[in-house]
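Here are the chains, one letter per residue:
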Amino acid sequence: MTDIICAAEAIAQLRQEIERHNHLYYVEANPELSDYDFDKLLEQLLALERQFPELVTPDSPSQRVGGTITREFPSVQHREPMLSLSNTYSTREVEEFYNRVRKLLALEGVMEQEMVAELKFDGVAISLLYRDGLLVRGATRGDGRQGDDITANLRTIPSIPLRLNALAEHDGREVEVRGEVFMRKEDFKRLNESRPEEDRFANPRNATAGTLKLQDSAEVARRSMCFVAYYLKGIEDESIAHHHRLELLSGFGFFTGDHYRLCDTLPEINDYIARWSEERWQLPYETDGVVLKLNDVRFWEKLGATAKSPRWAIAYKYPAQQARTVLHNVLFQVGRLGTITPVAELEPVLLAGSTVSRSTLHNFDEINRLGLMLRDRVIIEKSGEVIPKVLRTIPEERPADAEPILPPAHCPSCGTLLVRPDNEVSYFCPNEEACPAQIKGRVLHFASRNAMDIQTLGDALVEQLVAKGLIKDPADLYFLQEKELANLERMGSRSAQNILRALEKSREKSYERLLYALGIRHVGRATARELSQASPSIDALRQEGEEQLASVPDIGPVVARSIINYFAKPSWPDLLEKLRSAGLQLSASEPKEQVNRNFEGLTVLFTGGLDCYDRQKAAELVLERGGRVVSSVSKKTGMVVAGHEPGSKLDKALKLGVRVVSEDEFEAML
Ligand code: IVH
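Notes on the structure in this doc start here. (Residues numbered from 1 in each chain as written. Predicted model: local features only at pLDDT ≥ 70, side-chain atom pairs only at ≥ 80, totals over all residues. Heavy atoms only, no water.)

With respect to a negative patch on the surface
On the surface, a cluster of negative charge is made up of D611, D664, E665 and E667. With respect to the secondary-structure elements, D611 resides in the loop between β19 (603-607) and α22 (615-624). The class of D611 is exposed, set by a relative accessible area of 62%. (Patch = residues over 30% accessible without salt bridge, like charges linked within 9 Å, V, L, I, M, F, W, Y side chains within 5 Å. Areas by Shrake-Rupley, 256 points an atom, 1.4 Å probe, with all protein chains shown as cover. Salt bridge = Lys/Arg side-chain N within 4 Å of Asp/Glu carboxyl O. Lys, Arg positive; Asp, Glu negative; His and termini not counted. Charge placed at Lys NZ, Arg CZ, Asp CG, Glu CD. Helix = DSSP H or I, 4+ residues; strand = E, 2+ residues; numbered from the N terminus. Buried < 20%, exposed > 50% of the residue type's maximum accessible area, 1.4 Å probe, protein only.)

Structure follows, in structure tokens:
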């Protein structure tokens, strides 16, 4: 008994401490702990909760690590429609909006008109419901009336409070908070670096939208997303102005944006817009405009809304950043998968805070679509502030010596005749095995930071190794001799030894990393992680059929096909043998405790309360035994474990004829 009391105290303290550090890091951007020390605190909490599962509560920060697999997100009805805003690119329209609101206020005898100017966050709008201060539901906007219930994914976002601070005041209340989920620039960059080139996100907004749809909430947790709150509903007192509501939200523990401002006059609003048009490039996240809201909430209802947007607010959007320049040349790059990518060489110009001299043209369809010719005057644009793109040519300024851009007939690296498969927009070099550019690309990918992390292996060195025929695939790296390395240009025996040491160290890198390092088309870090859990050895993985692969969370038919194709290549058996004899990790390390795998392939759903386990522990036990845990019932659900007071999911399971077991039966199966 005393044990559990001590544990409860320690758990309460750890939770408070962890949420405080979460808040410092994600809301105040002022961390006190290193990531390592933070992880240690979380580990302590997880260990205690494992030991005392009855002490786990839904607002514990342990619930943020994710692990639930959601096959289909149920649709939910919004309490009130989730409107968007009317957008404008013109400050004149902002002025018209301001005057419209002023007229209405004047009719009501109000002469002061305060507006709150906020940054417009470029992310995905969501709604959060809190009951008695506890987060009970999180949903996407959907069509405005109905959205998807993505609570499991939203729980993993550290700046979304699982419990509102100052709880006592909210007893019995239902509070709705709306805001935007977004990804900071550096987290976006890190995420994209972990993805295969062919699947990178174009901007943080797309990355956020893609992440919120993931079935595996543990992967959502790893992507470090953020939330900004900008709307609060459920506080009955209408007199609480919007500005004050933002302060309340902040008191609840939300991030509300650091830069909103109360403006009394139109010039103040214009100043705000002008100031952030430049300063926004220095922010750690992206903003594509400014939102103006009438501060006095009492008039919101009077002003009303159109079908799409309220009349008490407007969004001013910054025009995309554009510049004029000249297209000097088009280079053709050969990727590690043989794809030929045209790259524009441009007269350097300053655009959105940096100098641009290159931009990708993606493929030949894009060149044709733009009607682009060499030496054309072009407009380039940075939208979403990531990679600049050529937006259009200026045909009236086309010089007399402009020349057509022709697709290359042969690979610029190996001279092989290029092919363009049906239904593909790109040309490919089919010389997969021997094209130096492809080999080099594969080796550099293999050695990259997120893969085998062999930092001493730079571009110039790999180029020489391939050109001299010393390596034909990444596995050959492990058979290089010190003398061979030392004889290369700008190398000596010291650097050769360093490289061999780095290679030696990389042999210990996990099976999961190795799967990513192989460079299978569409297999990024996250997919490699899922695969390594579903098939814990390379031998098991290559036996998998397309259907089995496609049943792994977040792996669709395209990825499944690509994996099958990879293992069917003629060069694969030879590569595998070399990887094996190099002593690389071709299987996941043994689980600490040997458990039987009698849940292999079984999808399990829990409904109702369990007596002996908390949900998380029960889910872990299923996962360890090869099963999967899902949160919605379908015909494909293998088994439903019904605890006490099961919900509507039990009825649905019975209707669909899904097998239902009690907690005792579940325990017996374990
Ligand atoms: S207020 C009913 N405030 O931009 C009012 N929206 O283009 C709801 N957005 O639909 C929206 N930052 O998804 C509001 N500070 C902010 C915002 C913001 C970004 C998004 C939101 C909105 C869209 C309009």
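Structure's up, so let's keep going.
Quick look at the sheet that holds strand β3 (residues 115-121)
The strand order across the open sheet formed by 5 strands is β2-β11-β10-β3-β9, and the pairing between neighbours is mixed. The sheet is open, and its two borders are formed by β2 (87-88) and β9 (261-263), each paired with just one other strand. Pairing of β2 with strand β11 (residues 313-317), which is carried by 2 bridges, proceeds in the parallel orientation. The partner of T88 across the bridge, within β11, is Y316. (Pairing = 2+ DSSP bridges.)

Remarks on the sheet that holds strand β4 (residues 124-131)
Spatial strand order, β5-β4-β7-β8: 4 strands in an open sheet with antiparallel pairing. Only two strands of the sheet have a single partner each, and these edge strands are β5 (134-140) and β8 (226-233). Shown here is a sheet whose adjacent strand axes are inclined to one another by a mean of 30°, direction ignored. As judged from the 6 bridges shared by β4 and β5, these two strands associate in the antiparallel manner. (Axes fitted to C-alpha atoms, helices over the stretch in contact; angles between N-to-C directions.)

A word on the side chain of S60
Considering the arrangement of structural elements, one finds S60 in the loop between α2 (35-51) and β1 (75-77). Looking at S60, its side chain comes within polar contact range of the side chain of S62, at 2.9 Å. Beyond its immediate stretch of four places on either side in the chain, S60 contacts R15, L45, E49 and L162. (Polar contact = N/O pair within 3.5 Å; in protein donor to acceptor, adjacent residues only side chain to side chain. Contact = heavy atoms within 4.5 Å.)

Examining the pattern of salt bridges
Applying the stated criterion to the full structure yields 46 salt bridges. Measuring nitrogen to oxygen at the nearest pair gives 3.2 Å for the salt bridge that ties D187 to R190. Here R190 and D187 lie together in helix α5 (residues 185-193), a separation of 3 residues that amounts to about one turn.

Focus on the nonpolar core
Of all hydrophobic cores here, the largest spans 51 residues; its most connected members are F446, I454, L457, L477, Y478, I538 and W572. Of all the secondary structure elements, the ones that give two or more residues to this core are α12 (436-447), α13 (459-467), α15 (493-506), α16 (511-517), α17 (525-534), α18 (538-543), α20 (557-567) and α21 (572-581). With sequence-adjacent residues up to four places away left out, L457 is seen in contact with V443, L444, A447, V462, L477 and I499. In terms of nonpolar packing, the next biggest core, distinct from the first, is built from 40 residues, L105, F182, V228 and L294 among them. (Core = buried A, V, L, I, M, F, W, Y, C linked by side-chain atoms within 4.5 Å.)

Points about the site of the ligand
Inspection of the region around the ligand gives 15 residues, with E118, K120, F121, E180 and K293 positioned closest. One nitrogen or oxygen atom from the side chain of N87 is found 3.2 Å from an oxygen atom belonging to the ligand. One of the side-chain N or O atoms of E118 is found 2.8 Å from a nitrogen atom in the ligand. Broken down by secondary-structure element, the contributors of at least two residues to the shell around the ligand are β3 and β10 (287-294). Take the shell around the ligand: its biggest share by element is 4 residues, from β3. A per-class count over the shell around the ligand returns 8 nonpolar, 2 polar and 5 charged. (Near = heavy atom within 4 Å. Nonpolar A, V, L, I, M, F, W, Y, C, P; charged D, E, K, R; others polar.)

Structural notes on the pairing of strand β21 (residues 639-642)
Alternating residues of β21 divide into M639 and V641 and V640 and A642, and every residue in both groups is buried. Relative to β21, β19 runs parallel, the two sharing 4 bridges. Across the sheet, the residue bridging to L605 is V640, located in β21. In this sheet, strand β22 (residues 659-662) lies alongside β21 in parallel orientation, the contact comprising 4 bridges. If you follow M639 over to β22, its bridge partner there is R659. Considered for its hand, the β-α-β crossover made up of β21, helix α23 (residues 648-656) and β22 is right-handed. (Right-handed = clockwise from strand over helix to strand, strands pointing away.)

Some details on unusual backbone geometry
For D132, which is not glycine, the phi dihedral falls at a positive 50°. Along the chain, D132 falls in the loop between β4 and β5. Classification of D132 by relative accessible area gives partly exposed; the value is 36%. Positive phi outside glycine occurs at R490, with the angle close to 55°.

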